[in-house]
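# Close look at the chain arrangement
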Amino acid sequence: MTISSALPTEQRREWEHFPHDADVGLRGWGATPAEAFEQAALALMAIVTQAEVNPEIAVRLKCEAPDLELLFVEWLNAIIYEMAVRNMLFGRFLVRIENDRLEGTLWGEPVDVERHAPACEPKGATYTALRVAKDTDGRWSAACIVDV
Amino acid sequence: MDPARFTRVDGTTWRVEPSGTMRVPVIIYADENLIQDMDDKVFEQAVNVARLPGIVQASYVMPDAHWGYGFPIGGVAAFDPDRGGVISAGGVGFDISCGVRTMLTGLSVADILPVQKQLADSLFHQIPAGVGSESAITLDAAEMDAMLAKGAHWAVARGWGEMRDLERIEEQGRMVGARPDCVSDRAKERQRREMGTLGSGNHYLEVQAVAEIFDTAVADAFGLAQDGVVVTIHCGSRGLGHQIGTEFLKEMVVTAKEVGIDLPDRELACAPIDSEVGQRYLGAMRAAINCALANREILGHYVRRVFAHFFPDNDLRLLFDVSHNTCKVERHLVDGKRRDLFVHRKGATRAFGPEHESLPAALRPVGQPVLIGGSMGTGSYVLVGETTSEAKAFSSACHGAGRALSRHAALKQWSGRKIVDDLASQGILIRSPSTRGVAEEAPGAYKDVGAVVAAAEHAGLARSVARLRPLICIKG
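Treat the numbers as computed from the prediction; the structure is a model and nothing was measured. (Residues numbered from 1 in each chain as written. Chains lettered and ligands numbered in written order. Predicted model: local features only at pLDDT ≥ 70, side-chain atom pairs only at ≥ 80, totals over all residues. Heavy atoms only, no water.)

### Here's the deal with the overall build of chain B
Selection criterion: The helix count covers DSSP runs of H or I at least four residues long, the strand count covers runs of E at least two residues long, and both are numbered beginning at the N terminus. Only C-alpha atoms enter the radius of gyration, while the globule expectation follows 2.2 Å times N to the 0.38, with N the number of residues. The cut-offs for exposure are 20% and 50% of the maximum accessible area for each residue type, with area from a 1.4 Å probe on protein chains only; residues under the lower value are buried, those over the upper are exposed, and the others partly exposed. Residue contacts follow a heavy-atom distance rule, with two residues in contact if any of their heavy atoms lie within 4.5 Å. Accessible surface area values rest on a Shrake-Rupley calculation with a 1.4 Å probe, where residue burial reflects the displayed protein chains alone.
For chain B, the helix and strand inventory stands at 15 helices and 19 strands. For a compact globule of 476 residues, the expected C-alpha radius of gyration is about 23 Å, and chain B comes in at 21 Å, within 12% of that figure. Principal-axis analysis of the C-alpha atoms places the extent of chain B at approximately 60 × 50 × 50 Å. When each of the 476 residues of chain B is scored for burial, the buried share is 66%. When contacts within chain B are restricted to residue pairs at least 6 apart in sequence, long-range pairs at least 24 apart make up 77% of them. Here chain B displays about 15,800 Å² of accessible surface, and carbon together with sulfur accounts for 49% of that area.

So this is what it looks like as structure tokens:
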């Protein structure tokens, strides 16, 4: 499996946040699970900042899990980890999924507190309200609660 | 939540008797209004906890409970290793040892007011807070392991804190049994540049005034006087704790399945206490507790440094430092016998009553300070542990107001800018890198902390000592 390093053009918005008492629910949609994962990653980043994140640096990561739902949590947690250790925010995502393995590329830049005005920091993606499924309209959705 | 789902025992005690696969009852301490405002998920989650192997006495719910993951936030449960008890990563949560410390400044409101703005600005500049803030400390591998093994003792030895603080910290500043070798490289990497940072979300640093005293004798013993000023810090084990929570949750889902534990919810992921994974988690979680204790000690040192600039003769003493998300081995009386139990507190405060052996001499006659965080605009409370608290909920009490509205709903209702201006007109200065963060944490998004404290007091979990009102709040 190889992944293109080409920067995706500005991604359309097909994600949402949904309410949770203390934390934040997020959901992404797409024609494939990979697209739904990309959209959910945009939703994850929107928890942190509503500002534009410039795609200056590309970071690649891999993860795997026994099923798509667990793979989704792995994916979000891998992004949270990269944000934390690199002190970066990401604004564009590309995902390839083959069997139980995922390869992703994240494009972003170091946090600029003044410009990004980050609101809060995701601690971890949880299994609560976790669902990755093909909806009745044929689109895939990927959702869970993120602890912030 | 419909109170009719519970059997009412008294004004603040409600039960759900065991049925189906529940091993023990659920006992919730709250008044009727607080229960009505809780999400139905709290009921579901408390019942699920009651199904876990080796649970002792009851699955308890504190008055500030809300929907968590696996355990409700405000959930307390103890497990007996001799009866197949488990340890649950979900029962501790991602923010391991998140907690509160309150420091006595010896100053009065009149001392603070002339420099309130400068003090707010200085604290905001000196205390790294929020996403993207940078710590002045970077740990190499050896220092990381030393910090994880020694907690606040490590911080004091490096000059970030004072020896006399240690007896005023839960576990005397160092959680015994920590095993840095059980902490992954990824968790350590996440923490390498995060020591002495406040974090974000509901974490804060507040300069507060004592607004009201309810128990003069205990307030005297605690060093709290009317219009006295204290500093309260709310934060936890930062990235290291989050990563340990993430990793062990995943591992324990597999373990539970392997040992035949039927999980009603994946977030209840757990392992037998005496299993290899269970022991490894304990070692890692205790290391994360040390990380949180060291982190709050360093932040306390930074506060002292800022105050020393404005008040050169000032001497900040620690009242107490207590955690909200832990699993601790404690000896409790059950069925007439003292047993060593693994007490999980997820969004709950340890609340030891008077004469408890772990308390320092100055506090032993009165009991442990129970520090209840508020939100930016509403007050915080200092309570004291009651002797009755042990029988009620393994010496536990509530930990804060608890959210009443989601961040989502708060954002629709409030503007961060307006909250900052409104609070400023009430004499409360907010400093935060994000106005959206302020809106999400709007005081109105939290429950009435006074009602929560009143219910905890009525239930015999802890007794009110003083109410604090904010003067300055630094939000991450």
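### A short note on helix H15 (residues 449–458) of chain B
Residues and elements named next belong to chain B. Formally: To obtain the arc, one takes the directions from the helix axis to the C-beta atoms. Any pair of N or O atoms that falls within 3.5 Å is considered a polar contact. Within protein, one atom must be able to donate a hydrogen and the other to accept it, and sequence-neighbouring residues count only if both atoms are side-chain atoms.
For H15, the full list of buried residues reads Val 449, Val 452, Val 453, Ala 455 and Ala 456. Summarising the axial view, the buried residues of H15 lie within an arc of 160°, below the 170-degree limit, and thus occupy one face. Turning to H15, the residues buried within the fold contact helix H1 (32–37), strand E4 (55–69), strand E15 (369–372), strand E16 (380–385) and strand E19 (462–475). Between a side-chain oxygen at the N-terminus of H15 and the backbone nitrogen of Gly 450 the separation is 2.9 Å; the capping residue is Asp 448.

### Observations concerning the nonpolar core
This is how it is decided: Among buried residues, those of type Ala, Val, Leu, Ile, Met, Phe, Trp, Tyr and Cys that are joined through side-chain atoms within 4.5 Å constitute a nonpolar core.
Core analysis: the largest hydrophobic core is formed by 191 residues, its most contacted members being Phe72(A), Trp75(A), Trp154(B), Ile244(B), Tyr281(B) and Phe307(B). In terms of residue count, the dominant contributor to this core is helix H10 (residues 276–310) of chain B (17 residues). Apart from residues no more than four positions distant in its own chain, Trp75(A) is found in contact with Phe37(A), Glu38(A), Ala41(A), Leu61(A), Cys63(A), Phe93(A), Val95(A), Leu102(A), Gly104(A) and Leu106(A).

### Notes on the confidence of the model for chain B
To be explicit about the condition: Per residue, pLDDT measures the predictor's confidence, with a range of 0 to 100.
Residues at a pLDDT of 70 or more form 100% of chain B, whose mean pLDDT is 95. The ipTM value of the predicted complex is 0.92, and its pTM value is 0.96.

### Section: the layout of surface pockets
Inclusion rule: Buried and open spaces are told apart on a 1 Å grid over the protein atoms alone, a cavity being a set of points where a 1.4 Å probe fits but cannot get out and a pocket being an open set with protein on both sides within 12 Å along at least five of seven lines. Residues with an atom within 4 Å of a point are the lining residues. Grid points are joined across faces, edges and corners, and a volume is the space filled by probe spheres set on the points. Classification used: nonpolar for Ala, Val, Leu, Ile, Met, Phe, Trp, Tyr, Cys and Pro, charged for Asp, Glu, Lys and Arg, polar for all others including Gly.
Its volume calculated, the largest pocket comes out at about 610 Å³. Trp15(A), Leu42(A), Ala46(A), Thr49(A) and Gln50(A) are, among the 25 residues lining the largest pocket, the residues nearest its centre. Of all elements in the fold, only strand E1 (15–19), helix H1 (33–48) and strand E4 (88–98) of chain A together with helix H12 (407–413) and helix H14 (435–440) of chain B reach the threshold of two or more residues within the lining of the largest pocket. Residue composition of the lining of the largest pocket, by class: ten nonpolar, six polar and nine charged. Considering only enclosed or pocket space, the second largest pocket measures out at about 500 Å³ in volume. Taken together, 22 residues make up the lining of the second largest pocket; nearest its centre are Glu330(B), Arg331(B), Phe352(B), His356(B) and Glu357(B). When residues of the lining of the second largest pocket are assigned to their parent elements, the largest contribution, five residues, is made by strand E12 (residues 325–334) of chain B. Looking at the lining of the second largest pocket, its residues break down into four nonpolar, seven polar and eleven charged.

### Digging into the pattern of salt bridges
Residues and elements named next belong to chain B. Our working rule: We define a salt bridge as a contact between a side-chain nitrogen of Lys or Arg and a carboxyl oxygen of Asp or Glu at a distance within 4 Å.
Following the criterion strictly, the structure yields 50 salt bridges over all chains and no others. A salt bridge links Arg 407 to Glu 440, with the shortest nitrogen-to-oxygen separation between them at 3.3 Å. Of this pair, Arg 407 sits in helix H12 while Glu 440 sits in helix H14, and the two are 33 residues apart along the sequence. By relative accessible area, which is 4% here, Glu 440 ends up buried. Linked through salt bridges whose partners overlap, the residues forming this network are Arg 403, Arg 407, Arg 436, Glu 440, Glu 441 and Lys 475.

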